[in-house]
Protein chains: 2
Amino acid sequence: MATTATNRRVILKEYVEGYPREEHMELVRGGEVPLRLTGGEPAGSVLVRNLYLSCDPYMRPKMSRPVRESYTAAFVPGEVLTGYGVARVVDSSDPRFKAGDLVWGITGWEDYSVVTPPASKLLAKISHGAGDGVPLSYYTGVLGMPGLTAYVGFHEICAPKEGEAVFVSAASGAVGQLVGQFARLAGCRVVGSAGSAEKVELLRSRFGFHDAFNYKEEPDLDAALRRRFPDGIDIYFENVGGAMLDAVLLNMRVHGRIAVCGLISQYNLADGEKDAVRNLSAVIAKRLRLQGFIEPDHKHLYPKYEAWVLPYIRDGTIAYVEDVAEGLENAPKALIGLFHGRNVGKQLVRVADGE
Amino acid sequence: MATTATNRRVILKEYVEGYPREEHMELVRGGEVPLRLTGGEPAGSVLVRNLYLSCDPYMRPKMSRPVRESYTAAFVPGEVLTGYGVARVVDSSDPRFKAGDLVWGITGWEDYSVVTPPASKLLAKISHGAGDGVPLSYYTGVLGMPGLTAYVGFHEICAPKEGEAVFVSAASGAVGQLVGQFARLAGCRVVGSAGSAEKVELLRSRFGFHDAFNYKEEPDLDAALRRRFPDGIDIYFENVGGAMLDAVLLNMRVHGRIAVCGLISQYNLADGEKDAVRNLSAVIAKRLRLQGFIEPDHKHLYPKYEAWVLPYIRDGTIAYVEDVAEGLENAPKALIGLFHGRNVGKQLVRVADGE
């Protein structure tokens, strides 16, 4: 058995302004890496072989020159990108893991990573067996950060009641497709928006949205929402921001809740260019609650969520559509595609076969 | 004793666009009114002599041509304005009241009003005696809607913790001056903004704000807030909206709360003209909660609030500054003044002497 392996890494070449392009990133040869911990790493380090990497919109703000309001540290030019992924443990000084274990959590965009504390403390062991009908890649999606995000945002932040009207933007994405299905399971009426006919069809046929529309074909978003919600929206699951939020505010019902999960329409705009939101008077008139949240604050709910969602995945009640890019070399392109809506479903990258 | 009286009424002449002007309203002779109920009124009606009328910013949106998102019915051109006031009962078919009782609630901008259900059901008897050091006019302010608004918004919506940093805009106004004092009592550090040197001085000297500034003298609101909150703002009590909200968003701390009480900077702008808010990405980054609220949803808390605040008023712990216009004929001007910041403290109108 080889004692070293060739590592490849995707690094950030320079800070991004506007839309990210492939030249902002680079796949570099990282040289030979030993296939065991050398002893020089911090206690609790875990050496992993990365199998699947997750492309997530939150990575874009981390590619910008750091600003005051960042909630996660910016990426550093010249260094490897990091993000959620699924990996196999090669060696571990964390007693929770042994070689061969499958884990998910924050890792590097590379073939092999030494995950050190504190990130390694957040690695979670994937305990269910392979071959039981639950793809390993789901730990970048429905069983990973996007899944918990959808669960927390919808169930904890929005506290849905049966019969309520729910609107989800970016509804075929990693999180949106789940919110739609969770809303249907909660007895809500749910409508989604997406950016292509193919995605809209997916919302209706695979995810059980009661209605769906292509926002790019609606010159008047306010009117588009009013037609679909003549009695207003009780819950808005916000993934996009900008003009959609402004239109939604006009269509919310009294005591409506808005879970602010993402603002993907804004991430590539400079500070002074960000879309104006002008309808905030609705927040008072309708006593709205807007609540921002991020998944890391709610990690303690993961076991509850996983136990709840796994049976639905196994019996097909909940579908999950993935868009899988093949190979680390295609990771930059896959990430960039998110911001142009090229992905259909959860975007991820297969680095190596793990099953 | 006279059996009729001459009534005067302030009517809305036409819907307002932009800033309200005196010619949008008119003081008209309403003719002779009988000084007892005639029997033709709905059961539960109450005939009152109005003593004090409250000028409140929320009245401005009611003067516009009705739009979808109104939470209160618009005023009707040709009809008397309505608003909060303090009045003496002249006659009543509501068994809760008898002639001579003092009440507060929604009444008309006129000498005498017949308050009919449902408004009459919301009239509340003023039970504490006159001459005990608590001015009757306070029932338009600290003991009325603005008081409960400040209490609910600060204590219920923001859930302050000792040591937190609180920012209040329009801080010398009917609500803001109370929020500052409630924050100080809660052990918070509180800073207020207002629109003149006189008001800023009031914040510091009468209301115990730890710091205060004149927003009109701060070309860069973001920098002004950063200087005063180097570690960020935990709680923002929002009375103004627009550019101030945008600057506050940049200065909020993680898990901050924003009670959205009023947006006075926006009320005189047409829909398309309203100020752009562009910094909503902070809502996610800092996991902020923005909560709109209006006092009528929280009426059930009034007894608790009154019992809590009355001792503080009596012993001088809580100060309350009023700006009293004399006579119904000056009511339109007083109301208009709110939107130019002419009032210093709670703006009200003395219609008749009740004490």
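Residues numbered from 1 in each chain as written. Chains lettered and ligands numbered in written order. Predicted model: local features only at pLDDT ≥ 70, side-chain atom pairs only at ≥ 80, totals over all residues. Heavy atoms only, no water.

So, on to the overall build of chain A. The number of helices and strands found in chain A is nine helices and 15 strands. Taking 2.2 N^0.38 as the reference for a compact globule, 355 residues should give roughly 20 Å; the C-alpha atoms of chain A span a radius of gyration of 21 Å, in line with that estimate. Based on the C-alpha atoms only, the size of chain A along its principal axes is roughly 65 × 45 × 35 Å. Out of the 355 residues belonging to chain A, those deemed buried represent 59%. Taking contacts inside chain A between residues at least 6 apart in sequence as the whole, the part at least 24 apart equals 70%. Once the 40 positive and 43 negative side-chain charges of chain A are each reduced to a mean point, those two points are 2 Å apart. (Helix = DSSP H or I, 4+ residues; strand = E, 2+ residues; numbered from the N terminus. Rg over C-alpha atoms; globule rule 2.2 N^0.38 Å. Buried < 20%, exposed > 50% of the residue type's maximum accessible area, 1.4 Å probe, protein only. Contact = heavy atoms within 4.5 Å. Lys, Arg positive; Asp, Glu negative; His and termini not counted. Charge placed at Lys NZ, Arg CZ, Asp CG, Glu CD.)

Residue and element names in this part refer to chain A. If you trace the backbone, E110 turns up in the loop between strand 5 (102-108) and strand 6 (112-115). Among the polar contacts listed, one links the side chain of E110 to the side chain of N7, at a separation of 3.4 Å. Those residues within four positions of E110 in sequence are excluded, and the remaining contacts are N7, R8, R9, N50, L53, V80, L328 and V351. (Polar contact = N/O pair within 3.5 Å; in protein donor to acceptor, adjacent residues only side chain to side chain.)

Our next topic: the relation of the copies chain B and chain A. The operation relating chain B to chain A is a screw motion whose rotation component is 180°, with 0.0 Å of axial translation and a residual RMSD of 0.0 Å. The symmetry that links the two subunits is that of a two-fold axis. Comparing contact sets, 100% of the residues at the interface of chain B also lie at the interface in chain A, consistent with an isologous, same-surface contact. (Least-squares fit on C-alpha atoms with pLDDT ≥ 70 in both.)

Our focus in this paragraph is the packing of helix 2 (residues 145-157) of chain B against helix 3 (residues 176-185) of chain B. Residues and elements named next belong to chain B. It is the contact of helix 2 with helix 3, at a shortest axis distance of 9 Å, that shows an interaxial angle of 45°. Overall, the two elements helix 2 and helix 3 adopt an arrangement that is oblique. Along this stretch, helix 2 crosses helix 3, giving a crossing that reads as right-handed. Residue-level inspection shows P146, G147, A150, Y151, F154 and H155 of helix 2 in contact with helix 3, the latter providing L178, V179, F182 and A183. Across the contact of helix 2 with helix 3, the residue classes break down as eight nonpolar, two polar and no charged. (Axes fitted to C-alpha atoms, helices over the stretch in contact; angles between N-to-C directions. Parallel < 35°, antiparallel > 145°, perpendicular 65-115°, else oblique. Left-handed = near helix turned anticlockwise from the far one by under 90°. Nonpolar A, V, L, I, M, F, W, Y, C, P; charged D, E, K, R; others polar.)

Considering all chains together, one arrives at 30 aromatic pairs over all chains under this definition. An angle of 75° between the planes, with centres 5.6 Å apart, marks the rings of Y138(A) and Y320(A) as edge-to-face. Of this pair, Y138(A) sits in the loop between strand 7 (124-125) and helix 2 (145-157) while Y320(A) sits in the loop between helix 8 (302-314) and strand 14 (322-326), and the two are 182 residues apart along the sequence. In this structure, Y138(A) and Y320(A) share a single accessibility class: buried. Both rings, one in F182(B) and one in Y305(B), keep their centres 6.2 Å apart while their planes meet at 65°; by these two values the pair is edge-to-face. One end of the pair, F182(B), is in helix 3; the other, Y305(B), is in helix 8 (residues 302-314), with 123 residues separating them in the sequence. These aromatic residues form a ring-pair network of at least three members: Y58(A), Y84(A), W104(A), Y151(A), F182(A), Y302(A), Y305(A), W308(A) and Y312(A). Positioned over the ring face of Y112(B) is R49(B), at 4.9 Å from the centre of the ring. (Phe/Tyr/Trp six-rings, centres within 6.5 Å; stacked < 30°, edge-to-face > 60°. Lys NZ or Arg CZ within 6 Å of the ring centre and 35° of its normal.)

The next thing to look at is the interface of chain B and chain A. At the junction of the two partners, chain B supplies 35 residues and chain A supplies 35 residues. Applying the counting criterion to the chain B and chain A interface returns two salt bridges. For D297(A), the salt bridge is made with R287(B), and the minimal N-O distance between the two is 2.7 Å. When residues of the side of chain B that touches chain A are traced back to their parent elements, those giving at least two are helix 5 (221-228), helix 6 (243-251), strand 12 (252-260), helix 7 (281-285) and strand 13 (289-292) of chain B. Residue composition of the side of chain B that touches chain A, by class: 17 nonpolar, seven polar and 11 charged. Where strand 13 (residues 289-292) of chain A lies against strand 13 of chain B, three bridges are found, and the strand directions are antiparallel. Bridged to Q291(A) within strand 13 of chain B is R289(B). (Salt bridge = Lys/Arg side-chain N within 4 Å of Asp/Glu carboxyl O. Pairing = 2+ DSSP bridges.)

Residue and element names in this part refer to chain B. If you check which residues of helix 4 (residues 197-205) are buried, you get K199, V200, L202 and L203. With its buried residues spanning 155° around the axis, helix 4 presents them on a single face. Away from its buried face by more than 90 degrees, helix 4 exposes A197 and E198. Buried-residue contacts for helix 4 involve strand 9 (189-194) and strand 10 (211-214). (Arc of directions from axis to C-beta.)

This part takes up the environment of M63(A). All names here are of chain A. Note that M63 resides in the loop between helix 1 (59-62) and strand 4 (82-92). You can call M63 buried: its relative accessible area is 0%. Remark: the alpha-carbon pair of M63 and N251, spanning 188 residues in sequence, is separated by 34 Å. Ignoring anything within four residues of it in the chain, the contact list for M63 reads L12, Y15, V16, M25, F75 and L335.

Attention shifts here to unusual backbone geometry. Residues and elements named next belong to chain A. Between P117 and P118 the backbone carries a cis peptide bond, its omega angle lying at 5°. If you trace the backbone, P118 turns up in the loop between strand 6 and strand 7. Residue H255 is not a glycine yet carries a positive backbone phi of 65°. If you trace the backbone, H255 turns up in strand 12 (residues 252-260). Owing to a relative accessible area of 43%, H255 belongs among the partly exposed residues under this scheme.

Residue and element names in this part refer to chain B. The tally for this structure, following the rule as stated, stands at 42 salt bridges over all chains. Here K125 and D101 are joined by a salt bridge, their closest N and O atoms 3.6 Å apart. In this pair, K125 sits in strand 7 (residues 124-125) while D101 sits in the loop between strand 4 (82-92) and strand 5 (102-108), placing the two residues 24 residues apart along the sequence. Classification of K125 as partly exposed rests on a relative accessible area of 44%.

All names here are of chain B. Here helix 3 crosses helix 8 at 85°, and the two axes come no closer than 13 Å. In terms of axis orientation, helix 3 runs roughly perpendicular to helix 8. Contact with helix 3, carried on its side by L178, F182 and L185, involves Y305, W308, V309 and Y312 of helix 8 and no other residues of that element. Across the contact of helix 3 with helix 8, the residue classes break down as seven nonpolar, no polar and no charged.

A few words now on helix 3 of chain B. All names here are of chain B. In terms of burial, helix 3 is a largely internal element, eight of the 10 residues being buried. Where helix 3 is concerned, the buried positions are G176, Q177, L178, V179, G180, Q181, F182 and A183. Against the buried residues of helix 3 lie helix 2, strand 8 (165-168), strand 9, strand 11 (233-238), helix 8 and strand 15 (346-350). The positive-phi residue at the C-terminal boundary of helix 3 is G187, with phi of around 80°.

We now examine the domain arrangement of chain A. Think of interface size as the accessible area that goes away when the parts come together; that is how it is often given. All names here are of chain A. Domain annotation of chain A identifies domain 1 (4-141 + 320-350) and domain 2 (145-296). When each unit is reduced to the centre of its C-alpha atoms, the spacing between domain 1 and domain 2 is 28 Å. Of the residues lining the interface, 22 residues belong to domain 1; the matching set on domain 2 comes to 18 residues. Taken together, the two surfaces of domain 1 and domain 2 that pack against each other cover about 1800 Å², and 60% of this comes from carbon and sulfur. When residues of domain 1 are sorted by the area they lose upon contact with domain 2, Y320, V321 and V344 head the list and together hold 30% of the total. Summed over the shared surface of domain 1 and domain 2, the number is zero salt bridges. Taken together, the residues of the side of domain 1 that touches domain 2 sort by class into 13 nonpolar, six polar and three charged. (Domains from an automatic or database assignment. Buried area = accessible area lost by both parts, 1.4 Å probe.)

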